[in-house]
Amino acid sequence: MKWLEVAKRWAKAIKRDVIALWIAARDPRTPISAKLVAGTVAAYALSPIDLIPDFIPVLGYFDDLLIVPIGILWAVRLIPATLMSEFRATASNRTTRIVSRSGLVAVVLIWLTFGTFLTFWIWHKATD
């Protein structure tokens, strides 16, 4: 049961940090490079759809278990520690749910681009 408690704490910390990054991306005190990384990670993590759908075996959870946490670690390293503490405190007190429409649009555009290239590739192979 101890591992379950650790997993729950880890999940809460991830959720808090994603919201903190969303706040950091909008704060004028955050360095530009950190804003870009934080905004990208937060938009993707808060997007209502995943780049790799969860129903795909193994790969479906790859983004949730590896890509998002690594992105969070990268963004947190770019944000000054005092600011990150403040953003985490603000995120902990936040009660409304945040959904990223820009993340949704980005994921949909990536899938449309992939689908377009795949269609052209298949059409090109069929006509050769």
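Refer to the preceding data block for the structure.
Quick summary incoming for the structure in this document.

Basis of the calculations
- Residues numbered from 1 in each chain as written.
- Predicted model: local features only at pLDDT ≥ 70, side-chain atom pairs only at ≥ 80, totals over all residues.
- Heavy atoms only, no water.
- Helix = DSSP H or I, 4+ residues; strand = E, 2+ residues; numbered from the N terminus.
- Rg over C-alpha atoms; globule rule 2.2 N^0.38 Å.
- Axes fitted to C-alpha atoms, helices over the stretch in contact; angles between N-to-C directions.
- Parallel < 35°, antiparallel > 145°, perpendicular 65-115°, else oblique.
- Left-handed = near helix turned anticlockwise from the far one by under 90°.
- Contact = heavy atoms within 4.5 Å.
- Nonpolar A, V, L, I, M, F, W, Y, C, P; charged D, E, K, R; others polar.

Overview of the overall build of the protein chain
Phase 1: Secondary structure summary: the protein chain contains five helices and zero strands in total.
Phase 2: Ordered by position from the N terminus, the helices and strands of the protein chain form the series α-α-α-α-α.
Phase 3: Here the C-alpha radius of gyration of the protein chain, 18 Å, is well above what a compact globule of 128 residues would show, namely 14 Å.
Phase 4: Overall, the protein chain is about 60 × 45 × 25 Å in size when its C-alpha atoms are taken along their principal axes.

With respect to the packing of helix α2 (residues 32-46) against helix α3 (residues 59-78)
Phase 1: Axis separation between α2 and α3 bottoms out at 9 Å; the angle between their running directions is 155 degrees. When the interaxial angle is binned, α2 and α3 end up roughly antiparallel. Judged by the sense of rotation from one axis to the other, the crossing of α2 with α3 is left-handed. Along the contact surface, α2 presents S33, A34, V37, A38, V41, Y44 and A45, while α3 presents D63, V68, G71, I72, W74, A75 and L78.
Phase 2: Counted by class, the contact of α2 with α3 contains 11 nonpolar, two polar and one charged residues.

Thoughts on the packing of helix α1 (residues 2-26) against helix α4 (residues 81-93)
Phase 1: Here α1 crosses α4 at 115 degrees, and the two axes come no closer than 8 Å. Pair α1 / α4 crosses with right-handed handedness. Contacts between α1 and α4 involve R16, D17, I19, A20, L21, I23 and A24 from the first element and M84, F87, R88, T90, A91 and S92 from the second.
Phase 2: Of the residues assigned to the contact of α1 with α4, the class counts are eight nonpolar, two polar and three charged.

This is a description of form; function is not addressed.
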